[in-house]
Amino acid sequence: MVALAAMTIGVLGPQNMVENWAMVARVCYIVLMVSAVPTIPHAWRTNWPMAIVKIVAAIGLIGMCEVAFVHRLHGAAPLQTVWMPLLFGVVVFALGLWLARGKHRGKTPATR
């Protein structure tokens, strides 16, 4: 959520703050990638095709965000360049939550 908020503020906020918010978003990308590593085994076991889709979608989202920042830095951000990463970010976030299903610690609860 912090990465999505940083991207939103960076793209929709004042022109002189775009670089600062882009850097915050980039740090968030790294934190999200590192924190996602423990969830990969669970996601892979439960639904490996969707895990691949999620990984590719997350990489695509980072690319969309970077394109939006570059367009915003140059002052000519088309409307779809601004809104597509925001909407796609919500979809990627929801997909990640669905795949993790609360199993972020890598341990499955005992069956009853």
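Residues numbered from 1 in each chain as written. Predicted model: local features only at pLDDT ≥ 70, side-chain atom pairs only at ≥ 80, totals over all residues. Heavy atoms only, no water.

(A) Up close: the overall build of the protein. Scanning the protein from N- to C-terminus turns up 4 helices and 0 strands. In the protein, the succession of helices and strands from N to C terminus is α-α-α-α. Buried positions account for 27% of the 112 residues belonging to the protein. Considering only intrachain contacts with a sequence separation of at least 6, the fraction spanning at least 24 residues in the protein is 80%. (Helix = DSSP H or I, 4+ residues; strand = E, 2+ residues; numbered from the N terminus. Buried < 20%, exposed > 50% of the residue type's maximum accessible area, 1.4 Å probe, protein only. Contact = heavy atoms within 4.5 Å.)

(B) Inspection of the pattern of salt bridges at higher detail. One pass over the full model with this rule turns up 1 salt bridge. Among the salt bridges present, the one from Arg 26 reaches Glu 66, with a minimum N-O distance of 2.8 Å. Of this pair, Arg 26 sits in helix α2 (residues 18–36) while Glu 66 sits in helix α3 (residues 40–73), and the two are 40 residues apart along the sequence. Taking relative accessible area as the criterion, Arg 26 reaches 31% and is therefore assigned partly exposed. (Salt bridge = Lys/Arg side-chain N within 4 Å of Asp/Glu carboxyl O.)

(C) Fine view of the packing of α3 against helix α4 (residues 79–100). One can describe the packing of α3 onto α4 by two numbers: an axis separation of 9 Å at closest approach and a directional angle of 160°. With respect to each other, α3 and α4 are oriented roughly antiparallel. For α3 against α4, the interelement crossing comes out left-handed. In terms of residue class, the contact of α3 with α4 is built from 19 nonpolar, 8 polar and 1 charged. (Axes fitted to C-alpha atoms, helices over the stretch in contact; angles between N-to-C directions. Parallel < 35°, antiparallel > 145°, perpendicular 65-115°, else oblique. Left-handed = near helix turned anticlockwise from the far one by under 90°. Nonpolar A, V, L, I, M, F, W, Y, C, P; charged D, E, K, R; others polar.)

(D) Seen up close, the side chain of Thr 81. Tracing the chain through its elements places Thr 81 in helix α4. What Thr 81 contacts, discounting residues up to four positions off in sequence, is Val 67, Ala 68 and His 71.

(E) Just the side chain of Arg 72, in detail. Mapped onto the elements of the fold, Arg 72 is located in helix α3. Within the buried set, Arg 72 has no salt-bridge partner at all; the shortest N-O distance to an opposite charge, 12 Å, is to Glu 19. A distance of 2.7 Å separates polar atoms of two side chains, one belonging to Arg 72 and the other to Gln 15. (Lys, Arg positive; Asp, Glu negative; His and termini not counted. Polar contact = N/O pair within 3.5 Å; in protein donor to acceptor, adjacent residues only side chain to side chain.)

(F) α2, seen in detail. Here α2 is 19 residues long and its end C-alpha atoms lie 26 Å apart, about the 27 Å a rise of 1.5 Å per residue gives. Buried residues of α2: Val 18, Ala 22, Ala 25, Cys 28 and Tyr 29, and no others. Projected onto a plane normal to the axis of α2, the buried residues spread over an arc of 120° and lie on a single side. Turned more than 90 degrees away from the buried face of α2 sit Glu 19, Ile 30, Val 31 and Val 34, all of them exposed. Residues of α2 that are buried sit in contact with α1 (2–12) and α3. (Expected span 1.5 Å × (residues − 1). Arc of directions from axis to C-beta.)

(G) Fine view of a nonpolar patch on the surface. A cluster of nonpolar side chains, namely Val 37, Ile 40, Trp 44, Trp 48, Ile 52, Ile 55, Val 56 and Ile 59, defines an oily patch on the protein surface of about 770 Å² accessible area. Mapped onto the fold, Trp 48 is located in helix α3. The exposure class of Trp 48 is partly exposed, given its relative accessible area of 49%. (Patch = residues over 30% accessible without salt bridge, like charges linked within 9 Å, V, L, I, M, F, W, Y side chains within 5 Å. Areas by Shrake-Rupley, 256 points an atom, 1.4 Å probe, with all protein chains shown as cover.)

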